[in-house]
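Now for the letters of each chain:
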Amino acid sequence: MSRYAVSVRMPVALDRGEFFIDYQPLCNLVDGRLSAVEALVRWRHPQLGVLGPDEFIGTAEETGLIMPLGRWVLEQACGQAADWVEQFGDRAPQINVNLAVRQVRNAGLVSDIDRILRSSGLDPSRLQLEITESAVVGPEDESLRALHSLVDMGVSLAIDDFGTGWSNLAYLRDLPVSSLKIAGSFVSDLKDSGREQVLGWRIVGGLVSLAHTLGLTVTAEGVENADHAERLRSMGCDRAQGWHFGRPTRPQEIARRILESDK
């Protein structure tokens, strides 16, 4: 019933201003400073309350509504990032925005992002787009050309939730990405002691080493405590996000954190 309610309401929800964006901090593991934020869309549903992306993005992809919704998220996030640059200059965080598979494979992706960057005034180098491993089928995929065009424009790309799919490591050589995000499930599952925890940390360490060998930076997702953050730092992981560094929050809270970092 909830799924039905979501699918019926979604076509008018965007026009009625029911969606909003929270921003989750990504911090440098060396000094703990805020370096980027990930834009996460929420839906203030009139009957079901506030819904997270996991509760409606799948439906949006199935119905095709992910296209206008994804475009709106990019517009809002880039506009907010440009506002932070105006307020804080170089201290403003990079903005990370997730792209759905359908968006990556859309022929108008490059022109859409070029238009959004121009209208917002955001420098392309301050935008990182996060894609999943399944977004690009192979080296002959048309979407690969679009990704190269975005990188030529100055936008950076990251592989999100790395390690959760059938990771074809050869694709990493072909994709114009600059960063890997290790799936939060790898880190959040490392709570129990024993052989499985030891093996889990070895896998994480291997992923960090692999990424660095390929010249990529690494962000660990799902970091919930100081011990995990320190262990990741000692492994050479570059950045981390998770409840230890801050939950998704409103733009005003991000601005407050930037101001506090100067004290």
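Residues numbered from 1 in each chain as written. Predicted model: local features only at pLDDT ≥ 70, side-chain atom pairs only at ≥ 80, totals over all residues. Heavy atoms only, no water.

Next up on the list: helix α3 (residues 66-88). Compared with an ideal rise of 1.5 Å per residue, which puts 23 residues at 33 Å, α3 spans 32 Å between its outermost C-alpha atoms and is within 8% of the ideal. Positioned one or two residues after α3, G89 has a phi angle of 60 degrees, which is positive. (Helix = DSSP H or I, 4+ residues; strand = E, 2+ residues; numbered from the N terminus. Expected span 1.5 Å × (residues − 1).)

Side chains S179 and K181 project from strand β7 (residues 179-182) onto one buried face, and the interleaved L180 and I182 project onto a second face that is buried too. One ladder, built from three bridges, connects strand β6 (residues 156-162) with β7; its direction is parallel. The residue of β7 that forms the bridge with F162 is I182. Looking at chain direction, β7 and strand β8 (residues 217-220) are connected through four bridges and run parallel. Directly across from S179, in β8, lies its bridge partner T217. (Buried < 20%, exposed > 50% of the residue type's maximum accessible area, 1.4 Å probe, protein only. Pairing = 2+ DSSP bridges.)

Below, the discussion takes up empty space enclosed by the protein. Taking a probe equal in size to a water molecule and rolling it over the atoms shows the remaining empty space. Considering all chains together, one arrives at two cavities of 30 Å³ or more under this definition. Size it by volume and the largest cavity reaches roughly 70 Å³. Taken together, M67, G70, R71, L74, Q103, N106, L109, D112 and I116 form the lining of the largest cavity. Counting residues per element, the lining of the largest cavity draws most heavily on α3, which supplies four residues. (1 Å grid on protein atoms, 1.4 Å probe; cavity = no way out; pocket = protein on both sides within 12 Å on 5 of 7 lines; lining within 4 Å. Points joined across faces, edges and corners; volume = space filled by probe spheres on them.)

The next point concerns the packing of α3 against helix α11 (residues 251-261). For the pair α3 and α11, interaxial distance at closest approach is 12 Å and the crossing angle is 30 degrees. Classed by the angle they form, the pair α3 and α11 counts as roughly parallel. Note that α3 runs across α11; the crossing there is right-handed. Residue-level inspection shows Q80, W84 and F88 of α3 in contact with α11, the latter providing P251, I254, A255, I258 and L259. (Axes fitted to C-alpha atoms, helices over the stretch in contact; angles between N-to-C directions. Parallel < 35°, antiparallel > 145°, perpendicular 65-115°, else oblique. Left-handed = near helix turned anticlockwise from the far one by under 90°. Contact = heavy atoms within 4.5 Å.)

Moving on, we get to the pattern of salt bridges. Scanning the model with the defined rule gives 13 salt bridges in all. One salt bridge connects R126 with D90, and the closest N-O pair in it is separated by 3.7 Å. On the criterion of sequence distance, the pair formed by R126 in the loop between α5 (109-120) and β5 (127-131) and D90 in the loop between α3 and β4 (94-98) is long-range, its members being 36 residues apart. With relative accessibility at 17%, the residue R126 sits in the buried group. Ionic pairing is found between R118 and D114, a salt bridge with its closest N-O pair at 3.0 Å. Of the two residues, R118 and D114 both sit in helix α5, four residues apart, roughly one turn of that helix. Salt bridges linked by common partners bring E38, E130, K181 and E221 together as one network. (Salt bridge = Lys/Arg side-chain N within 4 Å of Asp/Glu carboxyl O.)

Considering all chains together, one arrives at five aromatic pairs under this definition. Taking the centre distance of 5.3 Å and the plane angle of 75 degrees together, the rings of Y23 and W84 count as edge-to-face. Pair noted here: Y23 is in strand β1 (residues 19-28) and W84 is in helix α3, with a separation of 61 residues, a long-range link. The pair Y23 / W84 is uniform in exposure class, with both members buried. Taken together, the ring pairs in this structure connect F19, W43, F56 and W72 into an aromatic cluster. When the ring centre of W243 is taken as reference, the NZ or CZ atom of R247 above it lies at 3.5 Å. (Phe/Tyr/Trp six-rings, centres within 6.5 Å; stacked < 30°, edge-to-face > 60°. Lys NZ or Arg CZ within 6 Å of the ring centre and 35° of its normal.)

Counted as a void, the largest pocket has a volume near 960 Å³. Among the secondary structure elements, those contributing two or more residues to the lining of the largest pocket are β2 (34-45), α2 (57-63), α3, β4, α4 (101-104), β5 and β6. Broken down by element, the residue count for the lining of the largest pocket peaks at five residues, all from β2.

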